[in-house]
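Here are the chains, one letter per residue:
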Amino acid sequence: MWLAAAAWIATALAEPYAGQVDESSAHYDLEVAYAEAKTLPALEALEKLIDERMAAAADDVDLYWMKSRTMFEQGELFDRETGIDLVSHYQKMAAFAEKGLDLKPGDPHLRFAHGIALARLGTTKGVLSSLFLARDVEADWLAATKAEYASLGGEEILPYDAYHALGVFYRLVPDWWIVQVIAGTRGDLDKSLEMHEKAVAGKASIDALKELGVTALCIAENRGDEGMRARAMKAFDRALGTPAESEKNRIDHDHIRKLKADASLACEYSRDGQQDLDKKKLQD
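Residues numbered from 1 in each chain as written. Predicted model: local features only at pLDDT ≥ 70, side-chain atom pairs only at ≥ 80, totals over all residues. Heavy atoms only, no water.

## Brief notes about the packing of aromatic side chains
Centre-to-centre distance and the angle between the planes together describe a pair of aromatic rings.
Then step 1. All chains considered together, the criterion is met by five aromatic pairs.
Then step 2. Aromatic side chains Trp 141 and Phe 169 sit 6.4 Å apart centroid to centroid with 85 degrees between the ring planes, which places their arrangement in the edge-to-face category. Separated by 28 residues along the polypeptide, Trp 141 in helix 7 (residues 134-144) and Phe 169 in helix 8 (residues 160-172) bring together distant segments of the chain.
Then step 3. On the basis of relative accessible area, Trp 141 is assigned to the buried category, the value being 6%.
Then step 4. On the basis of relative accessibility, which here comes to 7%, the residue Phe 169 falls in the buried class.
Then step 5. In this arrangement the basic side chain of Arg 69 is found over the ring face of Tyr 34, its NZ or CZ atom lying 3.6 Å from the centre. (Phe/Tyr/Trp six-rings, centres within 6.5 Å; stacked < 30°, edge-to-face > 60°. Helix = DSSP H or I, 4+ residues; strand = E, 2+ residues; numbered from the N terminus. Buried < 20%, exposed > 50% of the residue type's maximum accessible area, 1.4 Å probe, protein only. Lys NZ or Arg CZ within 6 Å of the ring centre and 35° of its normal.)

## A few points about the nonpolar core
Then step 1. Counting 58 residues, the largest nonpolar core has Ile 50, Met 93, Phe 112, Leu 131, Trp 141, Phe 169 and Val 179 as its most contacted members.
Then step 2. Among the elements that make up this core, the one with the highest residue count is helix 8 (eight residues).
Then step 3. With residues near it in sequence (within four places) discarded, Trp 141 still touches Phe 112, Gly 115, Ile 116, Ala 119, Ala 162, Ala 165, Leu 166 and Phe 169.
Then step 4. Among the nonpolar cores identified, the runner-up in size contains 24 residues, and Val 200, Ile 219, Ala 220 and Leu 259 belong to it. (Core = buried A, V, L, I, M, F, W, Y, C linked by side-chain atoms within 4.5 Å. Contact = heavy atoms within 4.5 Å.)

## Section: the confidence of the model for the protein chain
Low pLDDT marks regions whose predicted coordinates should not be analysed in detail.
Then step 1. Within the protein chain, residue pLDDT values average 90, and 92% of them lie at 70 or more.
Then step 2. The least confident element of the protein chain is helix 1 (residues 2-10), whose mean pLDDT is 42; the most confident is helix 12 (residues 226-240), at 98.
Then step 3. Overall, residues 1-11 carries pLDDT values under 50, and its contacts beyond four positions in sequence, including any with other chains, amount to 17 contacts. (pLDDT = per-residue confidence, 0-100.)

## A short note on helix 5 (residues 86-103)
Then step 1. An ideal rise of 1.5 Å per residue puts 26 Å on 18 residues; helix 5 measures up with 26 Å between its terminal C-alpha atoms.
Then step 2. Buried within helix 5 we find Leu 86, His 89, Tyr 90, Met 93, Ala 94, Phe 96, Ala 97, Gly 100 and Leu 101. One side of helix 5 holds all its buried residues, which, seen down the axis, span an arc of 155 degrees.
Then step 3. The opening residue of helix 5, the one whose side-chain oxygen lies 3.4 Å from the backbone nitrogen of Val 87, is Asp 85. (Expected span 1.5 Å × (residues − 1). Arc of directions from axis to C-beta. Polar contact = N/O pair within 3.5 Å; in protein donor to acceptor, adjacent residues only side chain to side chain.)

## Quick word on the environment of Asp 51
Then step 1. Inspection of the secondary structure assignment puts Asp 51 in helix 3 (residues 40-56).
Then step 2. Sequence separation between Asp 51 and Ser 130 is 79 residues, and the spatial gap between their C-alpha atoms is 30 Å.

## Here's the deal with a nonpolar patch on the surface
Then step 1. On the surface, a cluster of nonpolar side chains totalling about 350 Å² of accessible area is made up of Trp 177, Val 181 and Ile 182.
Then step 2. Relative to the elements of secondary structure, Ile 182 occurs in helix 9 (residues 177-183).
Then step 3. The class of Ile 182 is partly exposed, set by a relative accessible area of 44%. (Patch = residues over 30% accessible without salt bridge, like charges linked within 9 Å, V, L, I, M, F, W, Y side chains within 5 Å. Areas by Shrake-Rupley, 256 points an atom, 1.4 Å probe, with all protein chains shown as cover. Salt bridge = Lys/Arg side-chain N within 4 Å of Asp/Glu carboxyl O.)

## What to know about the side chain of Asp 161
Then step 1. Relative to the assigned elements, Asp 161 resides in helix 8.
Then step 2. Residues in contact with Asp 161, not counting those within four places in the same chain, are Phe 112, Glu 155, Glu 156 and Lys 203.

## Here's the deal with the pattern of salt bridges
Then step 1. Summed over the entire model, instances satisfying the criterion amount to 26 salt bridges.
Then step 2. Lys 248 is the partner of Glu 73 in a salt bridge, and the nearest nitrogen-oxygen pair spans 3.4 Å. In this pair, Glu 73 sits in helix 4 (residues 61-77) while Lys 248 sits in helix 13 (residues 247-261), placing the two residues 175 residues apart along the sequence.
Then step 3. Judged by its relative accessible area of 16%, Lys 248 is buried.
Then step 4. A salt bridge links Arg 271 to Glu 76; the nearest nitrogen and oxygen atoms lie 3.3 Å apart. Of the two residues, Arg 271 sits in the loop between helix 13 and helix 14 (280-283) while Glu 76 sits in helix 4, which places them 195 residues apart along the sequence.
Then step 5. Judged by relative accessible area, which is 12%, Arg 271 ranks as buried.
Then step 6. Judged by relative accessible area, which is 3%, Glu 76 ranks as buried.
Then step 7. Each of Glu 76, Arg 120, Arg 171, Lys 210, Glu 211, Asp 252, Arg 271 and Asp 272 takes part in a single network of salt bridges with overlapping partners.

This is the structure we're talking about:
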């Protein structure tokens, strides 16, 4: 069953990547299930499989980042209008990554998962109210740029997804001196653009192109740079020209259309909802 399913999934990657999953990889059946899981019910079924395996092998490090990754994908598909407790969800995701890091400190794949959980907590609660998390998130994702991994269908590819995450980080964390004092780091739109360029060079997915466009549009809005505006539209159009193969892709397409219609959304854009980046909130 798994081998047959993997035959068409493998064709999704045009070229092999370092760390590419193959039939000799640990938990290959879970890797196939992850590549096929495009809906919440499918992700819930995958999580159940991981939990069953974890119950029998609690010291298997790979299961912890697989669990965290599955929870992240679930969070991407949750309907934000239903009042679901996203804070609790991402706290549990972080806890699983931390358990894995207890078993294997410094593991870059686990640090990537841990950084994502903390970052999603930040955007769910609000970036300005979660600046104390920023330095840890940045450190986790910088460590993840040392990882080499590619899932069967290219859903997760490291280090390119780590570059993508850092690009979002450097856009959403404000470039203010007071943020440096509070968080020990600060935003940087030029660094954000650099990270997104690296991400798209290795993985030109819909979400990677979207975020490249968002940063370019934010720079255009801040600096009156029409060249950057044109660059943003080119990235957005390329993303919209890529067929949506999942609900996650369809959400990204919808967000891109909103960003194209209202450029003022760009700098504070987050998949978890627009962020309030009013400097006065830190000065009061």
